[in-house]
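# Close look at the chain arrangement
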Amino acid sequence: MNVTNNPFSEEEFNVFQQLLAPLDERQLAWVAGYLAALSVRAPGDRTSLPEEHPDSNGTLQSTPAKKLTILYGSRTGNGANLAKIALRMAVEQGVEATLKNMEDYPVKSLEQEERLLVIVSTHGDGEPPFQAKTVYDFLHGKRAPGLSRLEYAVFALGDSSYFHFCKTGKEFDSRLAELGARRLRPVQLSDVDIKPEDESWLKEFFGQLKGEPAAAPVRQAGFKLAKALKGTAAGSVLKSNALDRSPANPASYNRKNPLQARVFEKINLHGRGSDRTTLHIELQTEGLTYLPGDSAGIIPVNSEQLTDEVLAVTGLQAGEKVEVNGVQSELREALQRHLEIGKLTPDQIGKLIALIPDEEPVSLSSPDGAVATRSDTKTGLAKLTENPSALQEYLYGRDIVDLLTDFPVKLTAAQLTGLLKPLQPRYYSIASSPNAFPGEVHLTVALVGYEKNGRNKRGTCTGFLSDVTTDDETVPVFIESNPHFRLPDDPSTPIIMIGAGTGIAPYRAFVQERELTPGAGKSWLIFGNRHFETEFLYQTEWQNYLKSGALTRMDVAFSRDGAQPVYVQHRMLENAKELYDWIAMGAQVYICGDMRKMAADVQQALSTILQQEGGLSAGQAQEELDLMQRERRLQLDVY
Ligand SMILES: Cc1cc2nc3c(=O)[nH]c(=O)nc-3n(C[C@H](O)[C@H](O)[C@H](O)COP(=O)(O)OP(=O)(O)OC[C@H]3O[C@@H](n4cnc5c(N)ncnc54)[C@H](O)[C@@H]3O)c2cc1C
Ligand SMILES: Cc1cc2nc3c(=O)[nH]c(=O)nc-3n(C[C@H](O)[C@H](O)[C@H](O)COP(=O)(O)O)c2cc1C
C-alpha cells in the first residue's frame, strides 16, 4: 500500500496496520464508528466517548441519555422566557428535555432528577423570587436530600447594579454541589441583557450533553439567538422577541422597539409646601396593550449636564467615534442615549483597577487640580473592594464623574464605554385601567433627587420625565407584563390593597377597572405617605370612588403628621379583626411599593394578625402567608 498520501509516517502506519490486522469484521466496523465519532470532536480532545457506542454495523448507538429537566424560577418573566427558549434550543439540538416551573414543582422530585438546568433570577435585596422560594428553601433546609446521581448547571439572571448580583443563582449552584450533584458547567451570571456569551453558554451546554465539542465562543457583536435558529421551527417561534427580556407583549412594541408616546398631561400630585415631587404623567399609547397590574418600561435619556460632566472629567472629545453593542456613534450620543452614567456597580471598580497600567511613577491630575499617582489610585480602589459594606456605601449615590474625580484614571473613549453599563429602562406600575382610559397609560412617578459629593443629583429616568414637556414631546415606552399582580379572576372576590407612596399607582388601575366591572366585590385601600396635607396622592379621586362605591373602605397613615410615626402596618394592626375577617372571607391581598422596609413590615403585620385573630403560631402564620402567596391570594409588586 502506498503510504505517501496519508498523514502517517511509515513507522506509524505499520503500527496502525498491526493493530488492525487481527480484528474481525465486527471489530473493524466498531473501530470505524469509533473513529468517525472521534473525528467530529474538538481538535486535541481525545477523551473517551462516554455515552455513544458504535454498534456492530459501525453506526452510533446512544445509551439511553439522561433526562434533562429545565427548572426555572422567575418573577418578572425573563427567566421563564429564557427557559422556553432553552427548551427549544434543546429540542433543536436533539436533547430530550422537559420544562418545569419551580412555582409548581414538587420538591421531592429532585431526588429523581438525573440532569437539571436551573434558570433562576434574583429579586428583592439578593433574595430568590417567590416563585423559586419553595425549591430554594427545600434545598437549603435540613431535609435536603443527597443528590449524587444528579448532574446540573445553573444559569443565573440578575442585574449588576444590585449589590447582590445573581446571588440566588450562585446559591443554587453552590448548594447543589454541596449536596453531591455534579456541576456540568460553571454557573452563568447573566447581567440584564442576554449577551452573546450567554447564548454560547446555552449552546455549549446542550452540545456538552450530546458529547459534542464545545462550540467556539460567539464573538460577533449583536449575535442573535433568533439568527442562530433561523429557518428552524424554533427560530420561527422565537424570532419576534427571543432576546427581549420583557415578557411577550401582544402588541408589536417591546423594549427593543418602544412606542414613542406623546406626553399629554403632567402634574405634580404634591401640594404646595412639600419638599418632594410625585408626578402624575399621562401618555398617549394607542397600540399598546396591557392589563391592570402591568408596568410600563420607560427608556430614559441621560441629561445634557451629566453627559457634559462625563466628557469634562475624562477629557475626551464629544465627537470621538465609539461602538456600543455593535452600533457606531459619537461618544456624546453613546453617553447620553446608550450608557448608564448616573450610577455605579461594584464590578466597575475591579474593571477600573484593571485599566490602570502598573508602571510608576506617573502623576494624574483630577479636574480639581489634585494630583495622584497611579499607584495611589490603584491602591485606593483596591482598598475599596476589600470591604463589601464600605464599597456599597461608597457606590450609593455616586456616578462615574464622582469615581473618576475620586480616583483619576486616564481612559480612552473605548475604555470608558467598555467600563459603563448599557442604559436600562426603568419600570413604573401603570396607574390607569385600559378600559377606563383606552389608548392611555398613566404613571405615578416620585422624582429622585439628592446631594452627594457636593453635587446635586437627579435620578436618570425621573430626571428625564421631569424635563419632558407636554408640547408634543415623546417618551419611549413599552409594556412589562406582570402576571403575578392581577385582579381576581372572579370579580366578586374582595380585595385589600396596601401600599405607600407610589405603591398606590396600580390600585388606581384596579379601582378604575372594578368601577366598570358589573358585580365587583368589596375593596379596601390602606395607603400611607408622609403628610396628609401635601402627599395624599389622588385624594379627591379616592373620595369619589368611596362615594360611588367602587371603593368600599379606605384607611390612611401619614407618618410625619403626629408625634409618633404612623405607617400602613399600624393601620392594619388597628383594624386586625376586620382585616382577618376579610381574609377569612377569601379577600385577595396586595402589597405594592417600597421593597426594603414597607413590604417586610406589612408582611409582619399580616403574620401578627393571623396569629392574633386566627390563633396560629408564628410558624403556622408564615406557612399560611406562603400558601396565600402560592395561591395568589397574596400578591406583591415591590421595588
Ligand atoms: C416593577 C417596578 C415598578 C415600579 N413602579 C414605580 C412607580 O410606580 N413609581 C415610581 O416612582 N417608581 C417606580 N419604580 C422605581 C423606578 O423604576 C425607578 O427605579 C425610580 O424611578 C428611580 O429611577 P431613576 O432612573 O430616576 O433613578 P436612578 O438613576 O436609577 O438612580 C437611583 C439611584 O440613585 C441613588 N439614590 C437615590 N436616592 C438617593 C439618596 N437619597 N442618596 C444617595 N443616593 C441616592 C441610589 O443609588 C439609587 O439606586 C418601580 C420599579 C419597579 C422594578
Ligand atoms: C425589585 C427588583 C429587585 C431585584 N434585585 C436584584 C438583586 O438583588 N440582585 C440581582 O442580581 N438582580 C436583581 N434584580 C434584577 C432581576 O434579577 C432581573 O431583572 C432578572 O432579569 C429578572 O428575571 P425574572 O424576570 O425571571 O424574575 C431585581 C429586579 C427587581 C425588579
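## Re the sheet that holds strand β23 (residues 495-500)
Strands sit in the order β25-β24-β23-β26-β27 across an open sheet of five strands; the sheet is parallel. Of all the strands in the sheet, the pair left with one neighbour each is β25 (553-558) and β27 (634-638). Sheet twist, expressed as the average angle between the axes of neighbouring strands with direction ignored, equals 10 degrees. When β23 meets strand β26 (residues 588-593), the two strands line up parallel, connected through five bridges. Bridge pairing in β26 places M497 opposite Y590.

## Topic: the site of ligand 2
Neighbouring residues of ligand 2: 24 residues in total, closest S74, T76, G79, S121 and G158. Counting residues per element, the ones that place at least two in the shell around ligand 2 are α3 (78-92) and β6 (151-158). Its residues assigned to classes, the shell around ligand 2 shows seven nonpolar, twelve polar and five charged.

## Focus on helix α4 (residues 130-140)
Inspection of α4 places F130, Q131, A132, V135, Y136 and L139 among the buried residues, and these make up the whole buried set. Elements that come into contact with the buried residues of α4 comprise β3 (68-73), β5 (115-121), α5 (167-178) and α23 (618-630).

## Concerning the packing of α3 against helix α6 (residues 196-209)
Contact geometry for α3 and α6: axes closest at 10 Å, N-to-C directions at 40 degrees. With respect to α6, the element α3 is oriented oblique. Along this stretch, α3 crosses α6, giving a crossing that reads as right-handed. Only L202, K203 and F206 of α6 make contact with α3, whose side of the interface consists of A86, M89 and A90. Broken down by class, the residue content of the contact of α3 with α6 amounts to five nonpolar, no polar and one charged.

## Side note on the sheet that holds strand β11 (residues 295-298)
Spatially, the six strands line up as an open sheet ordered β18-β11-β22-β9-β10-β19, and their pairing is antiparallel. Looking along the sheet, the strands with just one partner apiece sit at the ends: β18 (426-429) and β19 (440-446). Between one strand axis and the next, the sheet turns by 40 degrees as a mean value, whatever way the strands run. Bridging between strand β9 (residues 259-268) and strand β10 (residues 278-284) involves six bridges; their strand directions are antiparallel. Bridge pairing links R262 to Q284 in β10. Against the sheet, helix α16 (residues 460-467) contacts β10, β11, β18, β19 and β22 (474-480), and its axis sits at roughly 70 degrees relative to β10.

## Thoughts on the confidence of the model for the chain
Looking at the chain as a whole, the pLDDT averages 87, with 82% of positions reaching at least 70. Across residues 36-62 the pLDDT falls below 50, and counting only partners more than four positions away or on other chains, this stretch makes 35 contacts in the model. Here residues 215-251 is a poorly scored stretch, pLDDT under 50, and it has 71 contacts once near neighbours within four places are set aside; other chains count.

## Side note on the packing of helix α22 (residues 598-614) against α23
Contact geometry of α22 with α23 gives a least axis separation of 9 Å together with a crossing angle of 120 degrees. Regarding the angle of α22 to α23, the classification is oblique. By crossing handedness, the relation of α22 to α23 is classed as right-handed. Of α23, the residues touching α22 (which contributes Q603, L606, S607, L610 and Q611) are A618, A621, Q622, E624 and L625. When grouped by side-chain class, the residues that make up the contact of α22 with α23 number five nonpolar, four polar and one charged.

## A closer look at the site of ligand 1
Neighbouring ligand 1 are 22 residues; G397, G459, T460, C461 and T462 lie closest to it. When residues in the shell around ligand 1 are grouped by element, the largest group, four residues, is from β18. Among the residues forming the shell around ligand 1, the class breakdown is ten nonpolar, nine polar and three charged. For the shell around ligand 1, the domains that each give at least three residues are domain 3 (259-300 + 425-480) and domain 4 (304-422).

## Comments concerning the pairing of strand β4 (residues 97-101)
Of the strand pairs in this sheet, β3 and β4 are connected by five bridges, and their pairing is parallel. In the sheet register, T69 faces β4, and the bridge partner there is T98. Of the crossover connections in this fold, the one passing from β3 over α3 to the parallel β4 is right-handed.

## Digging into the nonpolar core
Residues V477, I496, M497, V568 and V602 are the most contacted members of the largest nonpolar core, which totals 65 residues. Per element, the largest residue contribution to this core is seven residues, and it comes from α22. Three or more residues apiece are contributed to this core by two domains, here domain 3 (259-300 + 425-480) and domain 5 (495-638). In contact with M497, not counting residues within four places along its chain, are Y507, F510, S523, W524, L525 and Y590. Core analysis: the next-biggest nonpolar cluster, separate from the first, contains 42 residues, L71, M89, L116 and F205 among them.

## Some remarks on the environment of L610
When you line up the elements, L610 lands in helix α22. Considered as a pair, L610 and A621 are eleven residues apart in the sequence and their alpha carbons are 5.8 Å apart. Beyond its immediate sequence surroundings of up to four residues, L610 is in contact with L616, A621 and E624.

## Brief notes about helix α21 (residues 576-584)
Given 3.6 residues per helical turn, the α-helix brings residues three or four places apart onto the same face. What α21 keeps buried is the set L579, W582 and I583. Buried residues of α21, seen end-on, are gathered within an arc of 100 degrees and therefore sit on one face of the element. Turned more than 90 degrees from where α21 packs its buried face, K577 and A584 sit exposed. Downstream of α21 by a residue or two, G586 has a phi angle that is positive, lying close to 105 degrees.

## Comments concerning the pairing of strand β12 (residues 321-324)
Here β12 shows a clear split, with V322 and V324 buried on one side and none of K321 and E323 buried on the other. The loop that links β12 with its antiparallel partner strand β13 (residues 327-330) comprises two residues; one of these, N325, has a positive phi angle of about 50 degrees.

What counts, and at which threshold
Residues numbered from 1 in each chain as written. Chains lettered and ligands numbered in written order. Predicted model: local features only at pLDDT ≥ 70, side-chain atom pairs only at ≥ 80, totals over all residues. Pairing = 2+ DSSP bridges. Helix = DSSP H or I, 4+ residues; strand = E, 2+ residues; numbered from the N terminus. Axes fitted to C-alpha atoms, helices over the stretch in contact; angles between N-to-C directions. Near = placed C-beta within 6 Å. Nonpolar A, V, L, I, M, F, W, Y, C, P; charged D, E, K, R; others polar. Buried ≥ 20, exposed ≤ 12 C-beta atoms within 10 Å, placed from the backbone. Contact = placed C-beta atoms within 7 Å. Parallel < 35°, antiparallel > 145°, perpendicular 65-115°, else oblique. Left-handed = near helix turned anticlockwise from the far one by under 90°. pLDDT = per-residue confidence, 0-100. Domains from an automatic or database assignment. Right-handed = clockwise from strand over helix to strand, strands pointing away. Core = buried A, V, L, I, M, F, W, Y, C linked by C-beta atoms within 7 Å. Arc of directions from axis to C-beta.

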